[in-house]
Amino acid sequence: MCGIVGYVGFRSVADILVDGLEQLEYRGYDSAGIAVKCDSDIKIYKSIGKLKNLREELKNHVGEFEKSTTGIGHIRWATHGAPTVINAHPHTCNCGNLVVVHNGIIENYKELKIELEKQGCKFKSQTDTEAVAHLVALKYKQAKNLTEAVRLATKEIQGAYALCVMHNDYKNTVVVTKRNAPLLVGIGEGEFLIASDVPAIIKYTKKAMYLNDNQIATITPNSMKLIDKDGIEQVQKIEVLPWEPVALSKMGYKHFMLKEIHEQPDVVRNNLSGKLHSATEPVVLNEVKLDKETLKKLNRIQIIACGTSLHAAMIGKYLIETFCGIAVDVEASSEYIYRRTVTDENTLVIGVSQSGETADTLTAIKQAKARGSHILIITNRPDSSMAREADSLVPVNAGIEVSVAATKSYIAQLMAFYLLALYMAEVKGSLDNSLVQSVKNELMLLPQKIEQVLANTEDIQKCARKYSGTKDFIYVARGINFPTALEGALKLKEISYINATGYAAGELKHGPIAMLDDTMPVLSILMKGSIYEKLLSNSEEAKARNARMIALTNSTDEKLNDLFETIIRVPDVQEFLSPIIAVIPLQLIAYYIAEFLGKDVDQPRNLAKSVTVE
Ligand code: AGP
């Protein structure tokens, strides 16, 4: 979702800002802009579409800003008003002396706008952000001090925001603040870099300070002063960012998504390392801070997440209920936060998020925390806002995921659930020892099996090509792979825009079967195990309605050849572990269909990598 960069220092600022924005591109955006402090005034440059358009625009004005060393920039994902140049950030007050970039949503902007218009402010855009520019400018007239103006304005703003503000009266100064949206300040020698996410600044510094909610930082090339909402001076910890700039390279792959799919064997290895030593030794999960006595008595868990993370959560439910006998509810965060949810200090609440910044999940976590629940966070970003709320933090170490479509972070989340479920089962003694050992043995074999799938993609590519002309796609599965069907369908929808739906196969005959005819592909995730025969029967029912049947299977059963027009075979795997092996071909089918259709695989339309608005 939107991205912010800012710079105060000695380097030519425009390149730094646009380079920084490029590092945030993967989050998804539809317009971009920068504001730079020049000798006599602040100059603003904006464009719609990709950053290359902004670069083109800047080429026409190089002489105006090449000496400038202070500025702020933004990529926008439209929420209020269409993606137009006028709605792109930065936004200004009436006289243009004050500029603002903003991530998040100002919830009371309509009320603010009415009030500001009464006071003579003229709005040019349809954005919520413009209200902030006018409000801070009015406060500046009273306070005659930019930091104080920002502080006073934030008292009247409701909602989520990360803000960077500049004023023409200040030669080399940016004032920043945040509430419920991430913002960090990178610290260099004689320079500071401001960003909503690490990749924008990591090329310049590994030292950074994460702002807490309501803190305000006033930044000049040689100083940073931090205050809280009452104006009291603050000291904030400086952290060393565990990041390498090389992480954002495609390493020879055509798209980040394909690279990330191919990284999955290593993601599994990383997650097992230090946690699972052998089949006979207990799982080590030092990250779980609930003491063992509490864990033994635990009888209720809630898991909250969105999108792909929600699908990982659904498999987590299956594993924890089966291995530990603990009741688990799974709910989309966006639903959880708008009803009276029953949770208390006896409930373990697990938040799952690749980005650790998803606004709905963050709000849900905060609600549960306020009711006394122990919060366990499974995330790929140990430096995220959600991680900061965690009582127990289980980082999944997938490395940065650039493609908007989550792949390796999903596998990493699943690994976290396997380890967590086994760990809890061992603490509770709830699972037969031989089953524990066989699951562990299978876990250790997973990387080679994923490598086998990735080494033989010809059938998958053929399948993708064969069905790429379809308008609709159905995925069916049962049991532990029902969420795999949902995830396969989500991947296809996201990057190819084909209408794909996942169903629990037993539900087909309760409605969806009406849609089946000889134009409809139905992909059955037919993994051997307790539910195999049932799913086979459901597939027969679909075949009887002339659907174009596809099997994704680890079975060598000959009779499948009559039932399915296309069969994708994967290595044999124990049923519990089958979601990991089954999802890889589904990721690849989605990838190859989108690639074949010429879609923007890594940055699909309308989507953002980190959804920081509710
Ligand atoms: C996954 O491919 C999607 N981009 C999306 O559904 C995503 O999983 C969802 O927005 C949740 O994000 P999170 O894991 O960062 O919280």
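The structure under discussion appears in the preceding block.
Residues numbered from 1 in each chain as written. Predicted model: local features only at pLDDT ≥ 70, side-chain atom pairs only at ≥ 80, totals over all residues. Heavy atoms only, no water.

Draft legend 1. Representation of the packing of aromatic side chains within the structure. Tallied over the entire structure, the rule returns six aromatic pairs. Measuring from centroid to centroid gives 5.3 Å for Tyr-45 and Phe-65, while their planes differ by 65 degrees, and the two rings are edge-to-face. Here the residue Tyr-45 occupies a position in strand S3 (residues 42-48), and Phe-65 occupies one in helix H3 (residues 62-65), the gap between them amounting to 20 residues. Taken as a pair, Tyr-45 and Phe-65 share a single burial class, namely buried. Connected via pairs of aromatic rings, a cluster forms that spans Tyr-467, Phe-473 and Tyr-475. The ring of Tyr-210 has Arg-388 lying over it, and the distance from NZ or CZ to the ring centre is 4.1 Å. For the cation-ring pair, Arg-605 lies above Tyr-497, with the distance from its terminal atom to the ring centre recorded as 3.8 Å. (Phe/Tyr/Trp six-rings, centres within 6.5 Å; stacked < 30°, edge-to-face > 60°. Helix = DSSP H or I, 4+ residues; strand = E, 2+ residues; numbered from the N terminus. Buried < 20%, exposed > 50% of the residue type's maximum accessible area, 1.4 Å probe, protein only. Lys NZ or Arg CZ within 6 Å of the ring centre and 35° of its normal.)

Draft legend 2. View of the pattern of salt bridges. What the rule picks out here adds up to 36 salt bridges. The closest approach of N and O atoms between Asp-600 and Lys-50, which form a salt bridge, is 3.6 Å. In this pair, Asp-600 is assigned in the segment after helix H20 (578-596) and Lys-50 in the loop between S3 and helix H2 (51-59), connecting sequence segments 550 residues apart. With a relative accessible area of 37%, Asp-600 lands in the partly exposed category. When its relative accessible area of 29% is taken as the criterion, Lys-50 is described as partly exposed. (Salt bridge = Lys/Arg side-chain N within 4 Å of Asp/Glu carboxyl O.)

Draft legend 3. Representation of the site of the ligand within the structure. Neighbouring residues of the ligand: 15 residues in total, closest Ser-309, Ser-353, Ser-355, Thr-358 and Glu-494. Within the contact set of the ligand, an oxygen atom lies 2.4 Å away from a side-chain nitrogen or oxygen of Thr-358. Ala-406 places a polar main-chain atom, nitrogen or oxygen, 2.8 Å from an oxygen atom of the ligand. Here the ligand, which alone exposes 410 Å², has 91% of that area covered by the protein. Put simply, the parts of the chain that give the shell around the ligand at least two residues each are helix H10 (307-324) and helix H17 (482-496). Its residues placed into classes, the shell around the ligand shows six nonpolar, seven polar and two charged. (Near = heavy atom within 4 Å. Polar contact = N/O pair within 3.5 Å; in protein donor to acceptor, adjacent residues only side chain to side chain. Areas by Shrake-Rupley, 256 points an atom, 1.4 Å probe, with all protein chains shown as cover. Nonpolar A, V, L, I, M, F, W, Y, C, P; charged D, E, K, R; others polar.)

Draft legend 4. Representation of the environment of Ser-223 in the model. Mapped onto the fold, Ser-223 is located in strand S13 (residues 223-227). Sequence separation between Ser-223 and Glu-191 is 32 residues; the distance between their C-alpha atoms is 8.8 Å. In this structure Ser-223 touches Phe-192 and Thr-218, once residues within four positions along its chain are discounted. A polar contact of 2.6 Å, which involves the side chain of Ser-223, links it to the side chain of Thr-220. (Contact = heavy atoms within 4.5 Å.)

Draft legend 5. Focus on the environment of Arg-269. Tracing the backbone shows Arg-269 in helix H8 (residues 264-272). A residue is classified by how much of its surface remains accessible, and Arg-269, at 35% relative accessible area, is partly exposed. Residues Arg-269 and Ile-86, 183 residues apart in the sequence, show an inter-C-alpha distance of 48 Å. Beyond its immediate stretch of four places on either side in the chain, Arg-269 contacts Pro-447 and Glu-451.

Draft legend 6. Summary view of the packing of helix H16 (residues 458-467) against H20. The contact between H16 and H20 brings their axes to 8 Å, and the two run at 50 degrees. When the axes of H16 and H20 are compared, the pair comes out oblique. The two elements H16 and H20 cross, and the hand of that crossing is right-handed. Mapping the contact onto sequence places Ile-460, Gln-461, Cys-463, Ala-464 and Arg-465 in H16 and Pro-585, Leu-588, Ile-589, Tyr-592, Ile-593 and Phe-596 in H20. Among the residues making up the contact of H16 with H20, the classes are represented as nine nonpolar, one polar and one charged. (Axes fitted to C-alpha atoms, helices over the stretch in contact; angles between N-to-C directions. Parallel < 35°, antiparallel > 145°, perpendicular 65-115°, else oblique. Left-handed = near helix turned anticlockwise from the far one by under 90°.)

Draft legend 7. Representation of the pairing of strand S12 (residues 216-220) within the structure. Within S12, four of the five residues are buried, which leaves the element mostly enclosed by the surrounding structure. Pairing analysis gives four bridges linking strand S8 (residues 174-179) to S12, with the strands arranged antiparallel. What sits directly across from Val-174, in S12, is Ile-219. Taken together, the five bridges between S12 and S13 define a ladder with antiparallel strand orientation. If you follow Ile-219 over to S13, its bridge partner there is Met-224. Turn length for the S12-S13 hairpin, with the two strands adjacent in sequence and antiparallel, is two residues. (Pairing = 2+ DSSP bridges.)

Draft legend 8. Just the packing of H8 against helix H14 (residues 408-428), in detail. Interhelical geometry of H8 versus H14 gives an angle of 30 degrees and a closest axis separation of 9 Å. Taken as axis vectors, H8 and H14 run roughly parallel relative to one another. With respect to the hand of their crossing, H8 and H14 are arranged in right-handed fashion. Only Lys-408, Ile-411, Ala-412, Met-415 and Leu-419 of H14 make contact with H8, whose side of the interface consists of Gln-264, Val-267, Val-268, Asn-271 and Leu-272.

Draft legend 9. Representation of the sheet that holds strand S20 (residues 472-477) in the model. Spatial strand order, S21-S20-S22-S23-S24: five strands in an open sheet with parallel pairing. Every other strand in the sheet has two partners, leaving strand S21 (499-504) and strand S24 (566-569) as the edge strands with one partner each. Mean inter-strand twist for the sheet, computed between neighbouring axes without regard to direction, equals 20 degrees. Here six bridges tie S20 to S21, and the two strands are oriented parallel to one another. If you follow Val-476 over to S21, its bridge partner there is Tyr-503.

Function cannot be read off these values alone, since they describe shape.
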